Amino acid sequence: MKPVCVEIQGQIPAPIETVFDVFLPIDLTAIMEGVGPLPAVVAIEDQTGDWSSVGESRIIRLADGHGMLETLTAVERPHRFAYQISELTNALRFLVRRFKGEWRFESRSEVGGPEVVLATWRYDFEVRSWLTRPLAWLIITRYWRPYMERALELASQRALEAEHCRVRT
């Protein structure tokens, strides 16, 4: 069955390496705020490694007490990284089996101009059945997109702060 997909984009005025190096290991508790029925991320538990290599995993703990397993599936610095979310324990587990996330970064800088990165963030949700698809689609498009948009805004601010610190030193 075709997954339910959500994709957003944003431009970040910083070098691609800075953006990648900030986004990959970012503290999810600082950027994943709750939206509607979607709870905020409040903790990361049982992380393996420093979150830079394929196969590393961690438990994402949510404000409602539930959690999910996140596993890195691709790391191609500075252009992309991907991960899978599985073992959901919250209500979303009744609608989707798992979902895959991917960040892609593309330099949009012009010669002699400021450095700009186009960041694309995509989720593909594997729905449980054709019966759950309409409700999953409604929740994902109504709440997950704004959840992502706010997280992208906050992560972009972190990348800009990191770049300002780098430039000053």
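Below is a summary of the structure that appears in this document. The model shown is predicted, which means the values in this text are computed figures rather than measured ones.

### Structural notes on the nonpolar core
Link 1 in the chain: Phe-23, Val-96, Phe-99, Phe-105 and Trp-144 are the most contacted members of the largest nonpolar core, which totals 49 residues.
Link 2 in the chain: Considering each element in turn, this core owes the most residues, ten residues, to helix H3 (residues 133–168).
Link 3 in the chain: Apart from the residues lying within four places of it in its own chain, the contact partners of Phe-99 are Met-68, Tyr-83, Gln-84, Ile-85, Leu-88, Leu-92, Tyr-123, Asp-124, Phe-125 and Trp-144.

### Quick word on the pairing of strand S3 (residues 57–62)
Link 1 in the chain: With five of six residues buried, S3 is to be regarded as a mostly interior element.
Link 2 in the chain: With four bridges connecting them, strand S2 (residues 41–45) and S3 associate as antiparallel partners. Looking at S3, one finds that Ile-44 is bridged to Ile-60.
Link 3 in the chain: The sheet contact formed by S3 and strand S4 (residues 67–76) spans five bridges and is antiparallel. Bridge pairing in S4 places Arg-61 opposite Gly-67.
Link 4 in the chain: Hairpin geometry of S3 and S4 is characterised by an intervening segment of four residues between the two adjacent antiparallel strands and by a positive phi of about 90° at Gly-65.

### So, helix H1 (residues 16–23)
Link 1 in the chain: Within H1, six of the eight residues are buried, leaving the element largely enclosed by the surrounding structure.
Link 2 in the chain: Burial in H1 covers these residues: Ile-16, Thr-18, Val-19, Phe-20, Val-22 and Phe-23.

Criteria and cut-off values
- Residues numbered from 1 in each chain as written.
- Predicted model: local features only at pLDDT ≥ 70, side-chain atom pairs only at ≥ 80, totals over all residues.
- Heavy atoms only, no water.
- Core = buried A, V, L, I, M, F, W, Y, C linked by side-chain atoms within 4.5 Å.
- Buried < 20%, exposed > 50% of the residue type's maximum accessible area, 1.4 Å probe, protein only.
- Helix = DSSP H or I, 4+ residues; strand = E, 2+ residues; numbered from the N terminus.
- Contact = heavy atoms within 4.5 Å.
- Pairing = 2+ DSSP bridges.

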